[in-house]
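# Survey of secondary and tertiary structure
The chain contents come next:
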Amino acid sequence: MSDRLIRVLVAKPGLDGHDRGAKVVARSLRDAGMEVIYTGLRQTPEKIVEAALQEDVDVVGLSILSGAHMAILPRVIELLKKHGLNDVLVVAGGVIPNDDVPALKEMGVSAVFTPGTSTKDIAAFIRANVRRR
Amino acid sequence: MYDRESLELVKALKREWEEGSLKTVLSKHPERKERFVTGSNLPVERLYTPAEVESLDYARDLGFPGEYPYTRGVQPTMYRGRLWTMRQYAGFGTAEESNARYKYLLKQGQTGLSVAFDLPTQIGYDSDHPLAEGEVGKVGVAIDSLADMETLFEGIPLDKVSTSMTINAPASILLAMYIVVAEKQNVPADKLNGTIQNDILKEYAARGTYIFPPKPSMRLITDVFAYCSKNLPEWNTISISGYHIREAGATAVQEVAFTLANGIAYVDAAIKAGLSVDQFGPRLSFFFSAHSDLFEEVAKFRAARRLWAKIMKERFGAKDPRSMMLRFHTQTAGSTLTAQQPDNNIVRVALQALSAVLGGTQSLHTNSRDEALALPSEDSVRIALRTQQIIAYESGVTNTIDPLAGSYYVEALTDRIEKEAAEYIAKIDALGGSPAAIEKGFIQQEIQDSAYRWQKEVENGDRIVVGVNKFQIQEPPPTGLLKVDPAVGERQKKKIAELKAKRDGARVEASLNSLRRAAEGTDNLMPYILEAVRSYATLGEICDTLRKVFGEYRSTVSY
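Residues numbered from 1 in each chain as written. Chains lettered and ligands numbered in written order. Predicted model: local features only at pLDDT ≥ 70, side-chain atom pairs only at ≥ 80, totals over all residues. Heavy atoms only, no water.

## As for the sheet that holds strand β3 (residues 59-63) of chain A
All names here are of chain A. Spatial ordering of the open sheet is given by β2-β1-β3-β4-β5, a layout of 5 strands whose pairing is parallel. Unpaired on one side and paired on the other, β2 (35-38) and β5 (111-113) mark the two borders of the sheet. For this sheet, the mean inter-axis angle between neighbouring strands, taken without regard to orientation, is 20°. With 4 bridges joining them, strand β1 (residues 7-11) and β3 adopt parallel strand pairing. The residue bridging Val8 from the neighbouring strand is Val59, located in β3. Of the strands in this sheet, β1, β2 and β3 are in contact with helix α1 (residues 20-31), which crosses β2 at around 160°. (Pairing = 2+ DSSP bridges. Helix = DSSP H or I, 4+ residues; strand = E, 2+ residues; numbered from the N terminus. Axes fitted to C-alpha atoms, helices over the stretch in contact; angles between N-to-C directions. Contact = heavy atoms within 4.5 Å.)

## Looking at unusual backbone geometry
Pro69 of chain B follows Tyr68 of chain B through a cis peptide bond whose omega is 0°. Relative to the elements of secondary structure, Pro69 of chain B occurs in the loop between α2 (58-62) and β1 (85-86).

## Some points on empty space enclosed by the protein
Applying the stated criterion across every chain, the model contains 4 cavities of 30 Å³ or more. The volume enclosed by the largest cavity comes to roughly 120 Å³. Along its surface, the largest cavity is lined by 14 residues, and Arg20 and Lys23 of chain A together with Ala248, Ile447 and Gln448 of chain B are the ones closest to its centre. No other element matches the 5 residues that helix α18 (residues 442-460) of chain B contributes to the lining of the largest cavity. Each residue belonging to the lining of the largest cavity can be placed in one class, and the counts come to 8 nonpolar, 2 polar and 4 charged. In this structure, the second largest cavity spans a volume of roughly 80 Å³. Around the second largest cavity, the lining comprises 13 residues; the ones closest to its centre are Tyr79, Val357, Leu358, Gly360 and Asp402 of chain B. Partitioning the lining of the second largest cavity into residue classes produces 7 nonpolar, 3 polar and 3 charged. (1 Å grid on protein atoms, 1.4 Å probe; cavity = no way out; pocket = protein on both sides within 12 Å on 5 of 7 lines; lining within 4 Å. Points joined across faces, edges and corners; volume = space filled by probe spheres on them. Nonpolar A, V, L, I, M, F, W, Y, C, P; charged D, E, K, R; others polar.)

## Here we look at the packing of helix α2 (residues 45-55) of chain A against helix α3 (residues 69-82) of chain A
All names here are of chain A. Orientation of α2 relative to α3, taken along the N-to-C sense of each, is 40°, at an axis distance of 9 Å. One way to sum up the angle between α2 and α3 is to call them oblique. Our pair here, α2 against α3, has a crossing hand that is right-handed. Each of Pro45, Glu46, Ile48, Val49 and Ala52 in α2 lies in contact with α3, whose residues at this interface are Ile72, Arg75, Val76, Leu79 and Leu80. When grouped by side-chain class, the residues that make up the contact of α2 with α3 number 8 nonpolar, no polar and 2 charged. (Parallel < 35°, antiparallel > 145°, perpendicular 65-115°, else oblique. Left-handed = near helix turned anticlockwise from the far one by under 90°.)

## Describing the sheet that holds strand β2 (residues 89-90) of chain B
All names here are of chain B. With parallel pairing, the 5 strands of this open sheet are ordered in space as β2-β3-β4-β5-β6. Only two strands of the sheet have a single neighbouring strand rather than two, namely β2 and β6 (235-236). In this sheet, strand β5 (residues 194-196) lies alongside strand β4 (residues 163-166) in parallel orientation, the contact comprising 3 bridges. Bridge assignment links Thr163 to a residue of β5, and that residue is Gly194. In this fold helix α6 (residues 171-184) packs onto β4, β5 and β6, with an angle of close to 150° to the strand it touches most, β4.

## Comments concerning helix α19 (residues 488-502) of chain B
Residue and element names in this part refer to chain B. End to end, α19 covers 21 Å across 15 residues, agreeing with the expected 21 Å (1.5 Å per residue, within 8%). Residues of α19 that are buried: Val488, Gly489, Gln492, Ile496 and Leu499. Along the axis of α19, the buried residues cluster in a sector spanning 100°; they form a single face. Counted as exposed and oriented over 90 degrees from the buried face of α19: Lys494, Ala501 and Lys502. On the buried face of α19, the contacting elements are α5 (146-152). (Expected span 1.5 Å × (residues − 1). Buried < 20%, exposed > 50% of the residue type's maximum accessible area, 1.4 Å probe, protein only. Arc of directions from axis to C-beta.)

## Side note on the nonpolar core
If you look at the biggest cluster of nonpolar residues, it comprises 175 residues, and the most contacted ones within it are Met149 and Trp308 of chain B. Examining the composition of this core, we find that 12 residues originate from one element, helix α10 (residues 252-272) of chain B, more than from any other. Residues contacting Trp308 of chain B, with those up to four places away along its chain left out, are Leu260, Gly263, Ile264, Val267, Leu284, Phe286, Ser323, Met324, Met325 and Leu326 of chain B. By size, the runner-up hydrophobic cluster in this structure holds 27 residues, among which are Ala11, Val49, Ala51 and Val88 of chain A. (Core = buried A, V, L, I, M, F, W, Y, C linked by side-chain atoms within 4.5 Å.)

## Here we look at the layout of surface pockets
Residue and element names in this part refer to chain B. Put simply, the second largest pocket is a space of about 650 Å³. For the lining of the second largest pocket, the secondary-structure elements that each account for two or more residues are α8 (214-231), α10, α16 (408-430) and α17 (434-439). Tallying contributions element by element places α8 first for the lining of the second largest pocket, with 8 residues. Tallied by class, residues from the lining of the second largest pocket come to 13 nonpolar, 5 polar and 7 charged.

## Let's talk about the pairing of β1 of chain A
All names here are of chain A. Counted residue by residue, β1 has 5 buried out of 5 residues, so it is predominantly covered. Here β1 shows two buried faces, one formed by Arg7, Leu9 and Ala11 and the other by Val8 and Val10. Regarding topology, α1 serves as the crossover connection from β1 to the parallel β2, and that connection is right-handed. (Right-handed = clockwise from strand over helix to strand, strands pointing away.)

## Things to note about the domain arrangement of chain B
Accessible area lost upon the coming together of the parts is a frequently used measure of interface size. All names here are of chain B. Taken domain by domain, chain B comprises domain 1 (4-53), domain 2 (63-460) and domain 3 (488-550). Centre-to-centre separation of domain 2 and domain 3, based on C-alpha positions: 28 Å. Contact with domain 2, which involves 42 residues of that partner, is made by 33 residues of domain 3. Carbon and sulfur atoms make up 65% of the area that domain 2 and domain 3 hide from each other, which totals about 3100 Å². (Domains from an automatic or database assignment. Buried area = accessible area lost by both parts, 1.4 Å probe.)

## Some thoughts on a nonpolar patch on the surface
Residue and element names in this part refer to chain B. Among the surface-exposed residues, Ile464, Val466 and Phe471 lie close enough to one another that they form a single nonpolar patch of about 280 Å² accessible area. In this structure, Ile464 sits in the loop between α18 and α19. Looking at Ile464, the relative accessible area reads 45%, which means it is partly exposed. (Patch = residues over 30% accessible without salt bridge, like charges linked within 9 Å, V, L, I, M, F, W, Y side chains within 5 Å. Areas by Shrake-Rupley, 256 points an atom, 1.4 Å probe, with all protein chains shown as cover. Salt bridge = Lys/Arg side-chain N within 4 Å of Asp/Glu carboxyl O.)

## With respect to the packing of α10 of chain B against α16 of chain B
All names here are of chain B. Between α10 and α16, whose axes approach to 8 Å, the crossing angle comes to 50°. Taken as axis vectors, α10 and α16 run oblique relative to one another. Considering how the two elements wind past one another, α10 and α16 form a crossing that is right-handed. Note on element contacts: α16 touches α10 through Ile417, Glu420, Ala421, Tyr424, Ile425 and Ile428, opposite Val253, Gln254, Val256, Ala257, Phe258, Leu260, Ala261 and Ile264.

## Observations regarding the packing of aromatic side chains
Evaluation of the coordinates by the stated rule reveals 21 aromatic pairs over all chains. Both rings, one in Tyr68 of chain B and one in Tyr70 of chain B, keep their centres 6.5 Å apart while their planes meet at 85°; by these two values the pair is edge-to-face. Every member of this aromatic cluster is reached through a ring pair, and the members are Phe286, Phe288, Phe301, Trp308 and Phe328 of chain B. Positioned above the aromatic ring of Tyr452 of chain B is the side chain of Arg27 of chain A, whose terminal nitrogen or guanidinium carbon lies 4.5 Å from the ring centre. Over the face of the ring belonging to Trp454 of chain B we find Arg463 of chain B, whose NZ or CZ atom lies 3.6 Å from the ring centre. (Phe/Tyr/Trp six-rings, centres within 6.5 Å; stacked < 30°, edge-to-face > 60°. Lys NZ or Arg CZ within 6 Å of the ring centre and 35° of its normal.)

## Looking at the pairing of strand β9 (residues 328-332) of chain B
Residues and elements named next belong to chain B. Of all the 5 residues making up β9, 5 are buried; the element is thus mostly covered by neighbouring parts of the structure. Where β9 meets strand β10 (residues 363-365), 3 bridges bridge the pair, whose relative direction is parallel. Bridge pairing in β10 places Thr330 opposite Leu364. You can see the chain leave β9, run along helix α14 (residues 344-358) and come back into β10, and the turn it takes is right-handed.

This is the structure we're talking about:
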């Protein structure tokens, strides 16, 4: 196990432009001592996985508020697995109704952070659950 | 407003009070906090008296409603004459479903329509585009062609309603569709009333639904100004929006400053395109957020009105008073809604809506209690609309004009917001204007810093959010949330396929070819877009034609 910093990719999948949360989380994780790469808007699942591979990240955080999460997040997980990134911790945040959370967890999203979550809790969850690569 | 003698007396009495009654109480009972601030962190004094607004000059700074500098409102009678337009932003799924929601809202006493489009429509992709997967009909209605627009307004007479459309990068195309639907209803264009948002600068800075680079985007906007000044005299050609800037995290001062700086950029661009300021100035409109600090928000609306009037008169030499009037729509602040104890949002929205009315808004959208969780249900939307109706008909605040004017606090805050916003605008001017400031990332960085500070304040407990970091309860997961039918994407794809099979393919091709040639030249693009729309070219085909000529905007990212 290396002693390098935890590397996190914060990504905005789909066409959603709401990036206040993604940017606040990115900056909070950086301030909590992690290395954070933010993709910017309108990322396809393919581009997100490509970035995760290239940046050799431990964590992928997906932010989505448009309601397209059930269409887009499964594809990201599928591609991560296909590229052998099974041990990357995947978390999601945004406007995601409770009803959808069990299905997302089933697929491999470790945590879903909904509105009102403290960034300290997000950082703590990542530290507790990341599998160092 | 006060003579020297009475001011001196007030100051002396205030000192006496501070040394006497106040000191006695403070020595036994200190105040709750060291420092009191507004929602946007402006300092707030313990007490405001004439001494805090000693430089206020009634005639110069406040004036009369419907007269320069419009601090007290843009109409001489304000809500005594006509109430604001109650306009709930709505749209989801297919045009059929949204049409039914509009008819429901009109039946409930709503007085204007406000169309929410889905993200593929806002970014110029048809529903069958790969990037539209999962997004069709989600945050608004899916419009792929004139055929969908005909369905959207079926049975709604366009000479009887005013319609606001939240559409930016492809605004001219949706406006063209609206004009053609009206033609088919035998309503001439000069009878059309409404607004297109058409504000691309804040898309780059805060909202994200851009398509083309800044230069051709500004051309599309000024083409709309020019076309409408001749053909749609009642149409609001742009809604220069602070709402999304505020939602992205900006303070009240930044909201005013960045919005008016964008306004200045549009006026500059239109003048450069050969229009005179009074030709398009009267049709510029604005859109602000109503956030949670009631007095600060009222002061913000008043300050924005006064500052814009000065900019149009002094900076641009406008002569027509209508060019100087800042008319605005307001939406309550979505970012203040909590997923926790969602019914509390009804109260938040009521207070925010009250600030918009006390601030003299021309139209208002009240958010629904469940919007931190999902799209609003019909019941929630009805409560939101009823909130406006209670303010309008029961609270009594509409009986007199600008009722908070003369409040020492509100006037002091109005001055301060105007002054700080003007300082920001000077800084943006020094960077080369708002397009340059956006390109340099200055505006985005300022907004992000404010958003980050807000979050940290909530997490440190310096900022209380009821139900989130104080007064929490264990609650069952919410029920009755609206779910968009996932089959809407498939239905839209089928509609596009049917449309393409039955339309006149040669006419579509010819219209898109002329549009491409026009885009390569300098003609006003509106007539070409109208012809493409009439031929039933899809939104995606029209946008792709323009993408080929104009290219696409790529944002540079920081956080």
